[in-house]
Amino acid sequence: MKILATAALAMSVAVLPLTAVARDLTVGLAASTTSMDPQFYVVGPNSAMARNIFDGLVNQDARQQIEAALAESWERIDGTTWEFKLRPDVTFHDGSDFTAEDVIASIRRVPLAATNSPSSFNAYVKAITKVTAVDPLTVRISTDGPTPLLLNNLSRIAIMPSEHAETTTEDMNKGIGVIGTGPFSFLSWTPGESTVLTRNDAYWGEKAEWDKVTFRVFKNSNARVAAMLSGDVDLIESIPTADTRRLEGSDGLQVITTTGNRLMYLHMDQDRETSPYAKAPDGTNPLLKSEIRRALSLSLNREAIVDRIMDGQGTPAGQVVPEGYFGYDPALPVETYDPDKAKEMLAGAGYPEGFSLTFHASNDRYPNDSRIAQAIGQFFTRIGVNTSVETLPGSVYFTRASAQEFSLIMGGAAVETGEASGVLGPLLETYGDNAGQGNRGRYSSAEFDAALDQARKTLDDDEREAMLQKATGIAIADMGIIPLFFLDNTWAMKAGINYEGRSDGYTLPYYVTAE
Amino acid sequence: MSSYLLSRILQAIMTLIVMSVLVFVGLYMIGNPVDVLLSPSATPAERLEIIQAFGLDRPVWEQYFLFVSKALTGDLGNSFVFNQPALDLILQRMPATLELAFAALLMALVIGIPLGIRAGLRPDGLVSKSIMTFSILGFSLPTFWIGLIMILIFSVQLGWLPASGRGDTVDIFGVPVSFLTLNGWSHLILPAFNLALFKISLVIRLTRAGVMEVMQLDFVRFARAKGLTEHRILRVHVLKNTLIPLITVIGLELGSLIAFAVVTETIFAWPGMGKLIIDAIAVLDRPVILAYLMITVIMFSLINLLVDILYSVVDPRVRLEGASR
């Protein structure tokens, strides 16, 4: 196929040399990469850009499952030691050979790159106690205990040449040492404006189709759409839901949509007798009762929210990961909309007259977040919960939500690890020094914690998946969070260009193909 | 003159101090950047570690004095998200913003003054009325809407001009500028006009009012009686007297063009300082916000000073305070 395409191109060049297609791609991104150091800051735009230039020992595929990359194969030697066979004949962009020393240096560099980081990669390597080279193409990694997620964690760690083990983030931001093994090599970066990459002709996999890729940043979604419509760019990511139809209807453009990994959910105050914004007639916190939380969940017509407000760009959720992800439980359905039953449950729990509630949400962090919040408020009001909705800019909202100043809030969590514990842990585990950072509702269940903890220590995949499903089942039965829906990821591109889309929302030109 | 300059500099320093205290306390009250920046999967212990590393756990006055003592050595701190000196980030983007602002200013003057004079000389003519209608539109239509419509017409429908970004740049004394290349101009013209529209209207109205007022004055009648041509009266006598209020307003407007070009920069994805500040505010990147506002204050002070000096050039009656003592 590839040979055919090349031949066809060669022919068209031969016949019509003047109209030969320049193999350059211009991509319109929604957010700026903040650093060229792939180990500096755990944030989507940085990780996505790093994937173009760097590889991990393993990578995450389009559905976030683990695939071989710089490691050809791996096996567990015992409960805490893993051995990786490295891919031979791989070279870095500067021409040096990739060997075991580079793996050791890259993992060791993580704490250095964490200096001044607002969110560091330390968490992904903290279980690793030792990295040794058995021979130039074999690496052994030891962990402080059974670590089933080691591969997922390693997929986040970019491998750099060992000569750059001491290169600082500041230097990399100047373009020094931005050297990986990835399909593209670094050419230039202007923060907030553009990044330019060129094809790595020595790439170990199939070569990329594009000679040069220019990423331009359009934070404003109208500007991004305008750039697409005017042909300034070949491909854009995250289309505003309202513009999807317009782009689909335009000649010479196409739109693709895939289910994303970001779960939108509600957190409810579950550990205080009185809550600032949820008050039953007697002044107590009604959200403490799981029947009440279930009633709120039953009152929501998720299909309608996705259809009307998200223009169809979402998938209703009944658990924390989308179908096809590790830990997804097919036996857990999406809650069916049933306002009558919700009213009955309210009455049964002792609140036939409902209660008063102020629901808080951000208004600039997720697509249509304030409109979704308004709709949810109306659904609550319909079953007799007297709800007012207040939306705030994210910069104000998150601090106050973390300080437990609210009673019922909306959030979004990305399944970054590609499996359920990546969401169950932060959102639902009992809040403490080393767990439950994002658990702003303070749900706490010993049974759930035990199941999750066991899953984290179980190396056998089937057993582990069963434990994750069990933990999910407990949390959903308790209504520890109310899952709403998964956000879809969207891209628009010129006809003749194809991209299959990714659940993590990354725009990776390596996988963009031209007809 | 020198005592005048000194007092202006002191004024600027006072403004800087007051502004930095306000911004510091304001940002402190809005929220904690770590809650916005940190990955949700980090543990509370990791969160605490980062808060300590950024010094955000200290009392606000202590953070402020730390900032001031560093600022005095020229270090305004590293951006939280870029891990680069905030000042560098801003200076890197300043040429783009300055270019846009000056292009807009030039358009405002070149288009605004002639139209304003025309409207002032024959206020009741059809042409003058059309000019005034145009200026009302320029005043009242929101910039972002006009910007989008311009993109739709000139880029999407007609395909004449690119919709966004900055064109090819050429380095002059190490500063990248785009107005020397054709490609650069094609990128510059839409955003500059978008930014200029409001100012054009302002200049038209000011010039018209000035011309109408001055034309009634005695010296114009004398000049006519003396037999000077209308052209000369206009050029030498009327225009010069109209310029004074115009210079004040344009001076201030230049400051706001530079500091608040942010709407235009956002719509046209123009890589200037305005876009940086919006991103910084969204994630509470305090060093960048502070550095940006400091630069803005300094710029405004400088422009005000220049305007005052220009005054004395245009109107010899105006003496700079302290200069004649």
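Residues numbered from 1 in each chain as written. Chains lettered and ligands numbered in written order. Predicted model: local features only at pLDDT ≥ 70, side-chain atom pairs only at ≥ 80, totals over all residues. Heavy atoms only, no water.

Going by the annotation in an unreviewed UniProt entry, the name recorded for chain B is ABC transporter permease, with Paracoccus onubensis given as the source organism. Of the comments in the UniProt record for chain B, the one headed Subcellular location (unreviewed entry) reads "Cell membrane". The Sequence similarities (unreviewed entry) comment attached to chain B in UniProt states, word for word, "Belongs to the binding-protein-dependent transport system permease family." (UniProt positions renumbered as here; feature names shortened; annotations may be inferred.)

Going by what an unreviewed UniProt entry lists, chain A is known as ABC transporter substrate-binding protein and is assigned to Paracoccus onubensis. You can read under Sequence similarities (unreviewed entry) in the UniProt record for chain A the words "Belongs to the bacterial solute-binding protein 5 family."

1. Comments concerning the packing of helix α15 (residues 446–457) of chain A against helix α16 (residues 461–478) of chain A
Helix packing for two helices is described by the angle between their axes and how far apart those axes are. Residue and element names in this part refer to chain A. With their axes 8 Å apart at the nearest point, α15 and α16 run at an angle of 160° to one another. Taken together, α15 and α16 sit at an angle that is classed as roughly antiparallel. Relative to α16, the crossing made by α15 is left-handed. Across the interface between the two elements, Glu447, Phe448, Ala451, Leu452, Gln454 and Ala455 of α15 pack against Arg464, Met467, Leu468, Ala471, Ile474 and Ala475 of α16. Residue composition of the contact of α15 with α16, by class: nine nonpolar, one polar and two charged. (Axes fitted to C-alpha atoms, helices over the stretch in contact; angles between N-to-C directions. Helix = DSSP H or I, 4+ residues; strand = E, 2+ residues; numbered from the N terminus. Parallel < 35°, antiparallel > 145°, perpendicular 65-115°, else oblique. Left-handed = near helix turned anticlockwise from the far one by under 90°. Contact = heavy atoms within 4.5 Å. Nonpolar A, V, L, I, M, F, W, Y, C, P; charged D, E, K, R; others polar.)

2. Regarding the pairing of strand β7 (residues 138–143) of chain A
Side-chain positions along a regular strand alternate between the two faces of the sheet. Residues and elements named next belong to chain A. Of all six residues making up β7, five are buried, and the element is well covered by its neighbours. Sheet topology note: the strand β5 (residues 81–86)/β7 ladder contains five bridges and is antiparallel. Paired with phenylalanine 84 across the bridge in β7 is valine 139. Of the strand pairs in this sheet, strand β6 (residues 128–135) and β7 are connected by six bridges, and their pairing is antiparallel. (Buried < 20%, exposed > 50% of the residue type's maximum accessible area, 1.4 Å probe, protein only. Pairing = 2+ DSSP bridges.)

3. So, the confidence of the model for chain B
Residue and element names in this part refer to chain B. Mean pLDDT for chain B: 83, with 97% of residues reaching 70 or above. Predicted confidence in chain B is weakest over strand β1 (residues 170–172), with a mean pLDDT of 76, and strongest over helix α5 (residues 86–121), with 88. ipTM for the predicted complex: 0.79, alongside a pTM of 0.85. (pLDDT = per-residue confidence, 0-100.)

4. Some remarks on unusual backbone geometry
A positive phi angle is found at Ser238(A), which is not glycine, with a value near 30°. Within the secondary structure, Ser238(A) is located in the loop between β11 (235–237) and α8 (244–249). One non-glycine residue, Leu284(B), lies in positive phi territory at about 55°. Position of Leu284(B) relative to the elements: it lies in the loop between α12 (273–282) and α13 (286–314).

5. Regarding the nonpolar core
Counting 115 residues, the largest nonpolar core has Phe54(A), Leu235(A) and Tyr499(A) as the members making the most contacts within it. When residues in this core are grouped by element, the largest group, 15 residues, is from α5(B). The contact partners of Leu235(A), leaving out residues within four places of it in the chain, are Thr26(A), Val27(A), Gly28(A), Met228(A), Trp491(A), Ala492(A), Met493(A), Ile497(A), Tyr499(A), Thr507(A) and Val512(A). Counting residues in hydrophobic clusters, the runner-up holds 48 residues, among them Phe355(A), Tyr366(A), Tyr397(A) and Leu487(A). (Core = buried A, V, L, I, M, F, W, Y, C linked by side-chain atoms within 4.5 Å.)

6. Comments concerning the confidence of the model for chain A
Confidence along chain A averages 90 in pLDDT terms, with 96% of residues attaining 70 or more. Under a pLDDT of 50 for its full length, residues 1–20 of chain A has, in the predicted model, six contacts with residues more than four places off or in other chains.

7. Observations regarding the interface of chain B and chain A
On the side of chain A, 49 residues touch chain B, which itself brings 46 residues to the contact. Here chain B packs against chain A, burying approximately 3,700 Å² in sum over the two surfaces, 53% of which is carbon and sulfur. In terms of surface lost to chain A, no three residues of chain B exceed Pro44(B), Phe82(B) and Asn83(B), which account for 15% of the buried area on that side. Between the two partners, chain B and chain A, sit two salt bridges. Across the pair Lys126(A) and Glu46(B) runs a salt bridge whose closest N-O atoms are separated by 3.3 Å. The tally of links between chain B and chain A comes to 13 residue pairs in polar contact (both at pLDDT 80 or more). (Buried area = accessible area lost by both parts, 1.4 Å probe. Salt bridge = Lys/Arg side-chain N within 4 Å of Asp/Glu carboxyl O. Polar contact = N/O pair within 3.5 Å; in protein donor to acceptor, adjacent residues only side chain to side chain.)

8. Re the packing of α5(B) against α12(B)
All names here are of chain B. One way to put it is that α5 packs onto α12 with a least axis distance of 8 Å and a crossing angle of 135°. In terms of orientation, α5 and α12 fall into the oblique class. Contacts from Leu89, Ile90, Arg93, Met94 and Thr97 in α5 reach Met273, Gly274, Lys275 and Leu276 in α12. For the contact of α5 with α12, the class distribution of residues is five nonpolar, two polar and two charged.

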